[in-house]
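Report on the structure
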Amino acid sequence: MFANFCIDLFVTAATFGNLIGSNYFLRIAPGSNLITAMVAAFQSGRDIWREKYIKDLASYLLTLPIPRKVFALSRITGGVARSVIATFPGTLVISYLYGILFSPRLVEAFVIVAVFSLGIVGLSMAVSAFASTIEVFATVRSAIQLYLSFLSTIFYDVSLFPAIVQPIVQTNPMTWAMQAFRALQSQVSTLYPISVLVGPSLAFALLGAVCYLWYTRL
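Tallying secondary structure elements over the chain gives 10 helices and 0 strands in all. With the C-alpha coordinates aligned to their principal axes, the bounding extent of the chain is approximately 60 × 40 × 30 Å. Here the chain holds 218 residues, and the buried ones make up 48% of them. Within the chain, contacts between residues separated by at least 24 positions form 76% of all contacts whose residues are at least 6 apart in sequence. Per element, the accessible surface of the chain, about 10700 Å² overall, is 70% carbon and sulfur. Here the chain holds 13 positive side-chain charges and 7 negative ones, and the gap between their average locations is 5 Å.

What follows is the structure, encoded as structure tokens:
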């Protein structure tokens, strides 16, 4: 995943930066890391989908030493941890580019990744609960990734989108995650964009937990 991040950052983003300007490179750089977080988060849903083919899943669930609600919460927490770990070197690279590598604001960068990943893990769990085949899961995952990547402010400002699309862009969790990262570069507070991002992330996480509990009902 770090190799993919490096390709996105130092090939794609650097190319666009050279075409448009160095400031544009720094503007879109966090997008490479958040896309990596998104890919890692969706692995949680893929793992759950694979469980459908575990032999005698009911017996496995009946022998759990913890309540199923706690188990569902642990799946979400584990997915977020996986995303944070997978993006750890990328977050350090972005922090270095933004000049906050040795600043307390480095913690904020990891908080942004974790909050963003929380919602994506929830979405992936919800999709996996209802996907009948791996092809269905992959198709829905690609549609969500398309929305998060290209109907957000990774590449363009909201004002450059058609008016009919702007509300969709403004409510995209990726938009607020990008805004929070860019606030780190401009040395302004990240409280507002992170607080906005928390809303959909918690909602998607709750959706994922409910769908997972429904899927694992006995």
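Text resumes after the structure shown.
Here we come to helix α7 (residues 134–150). Along its 17 residues, α7 runs 24 Å from first to last C-alpha, staying within 8% of the 24 Å computed at 1.5 Å per residue. Buried within α7 we find Phe-137, Arg-141, Ile-144, Gln-145, Leu-148 and Ser-149. Each buried residue of α7 sits inside an arc of 125 degrees when the element is viewed along its axis, so together they form one side. Turned more than 90 degrees away from the buried face of α7 sit Glu-135, Thr-139, Leu-146 and Phe-150, all of them exposed.

Look at helix α6 (residues 105–130) against helix α9 (residues 173–185): their axes get within 10 Å of each other, and the N-to-C directions meet at 175 degrees. Between α6 and α9, the angle falls in the class roughly antiparallel. Packed against α6, whose contacting residues are Arg-105, Glu-108, Ala-109, Ile-112, Val-113 and Phe-116, the element α9 presents Pro-173, Met-174, Ala-177, Ala-180, Phe-181, Ala-183 and Leu-184 at the interface.

Bringing the environment of Gly-208 into the picture now. Structurally, Gly-208 can be placed in helix α10 (residues 191–215). As for Gly-208 and Ile-76, which are separated by 132 residues in sequence, their C-alpha atoms are 8.1 Å apart.

This brings us to the nonpolar core. By size, the foremost hydrophobic cluster in this structure holds 56 residues, and its most contacted members are Phe-116, Ile-120 and Phe-181. Elements that contribute at least two residues to this core include exactly α1 (2–20), α2 (22–50), α4 (68–86), α5 (88–97), α6, α7, α9 and α10. Counting residues per element, this core draws most heavily on α6, which supplies 13 residues. Residue contacts for Phe-181: discarding those within four places in its chain leaves Pro-30, Asn-33, Leu-34, Ile-94, Tyr-98, Ala-109, Ile-112 and Val-113.

Summed over all chains, the structure comprises 8 aromatic pairs. Taken together, a centroid distance of 5.9 Å and an interplanar angle of 15 degrees make the contact between Phe-150 and Phe-155 stacked. What makes Phe-150 exposed here is its relative accessible area of 52%. On the basis of an interplanar angle of 85 degrees and a centroid distance of 6.1 Å, the ring pair of Tyr-156 and Phe-161 is categorised as edge-to-face. Accessibility expressed as a relative area gives 46% for Tyr-156, which makes it partly exposed. A residue is classified by how much of its surface remains accessible, and Phe-161, at 11% relative accessible area, is buried.

So, how was this worked out
Residues numbered from 1 in each chain as written. Predicted model: local features only at pLDDT ≥ 70, side-chain atom pairs only at ≥ 80, totals over all residues. Heavy atoms only, no water. Helix = DSSP H or I, 4+ residues; strand = E, 2+ residues; numbered from the N terminus. Buried < 20%, exposed > 50% of the residue type's maximum accessible area, 1.4 Å probe, protein only. Contact = heavy atoms within 4.5 Å. Areas by Shrake-Rupley, 256 points an atom, 1.4 Å probe, with all protein chains shown as cover. Lys, Arg positive; Asp, Glu negative; His and termini not counted. Charge placed at Lys NZ, Arg CZ, Asp CG, Glu CD. Expected span 1.5 Å × (residues − 1). Arc of directions from axis to C-beta. Axes fitted to C-alpha atoms, helices over the stretch in contact; angles between N-to-C directions. Parallel < 35°, antiparallel > 145°, perpendicular 65-115°, else oblique. Core = buried A, V, L, I, M, F, W, Y, C linked by side-chain atoms within 4.5 Å. Phe/Tyr/Trp six-rings, centres within 6.5 Å; stacked < 30°, edge-to-face > 60°.

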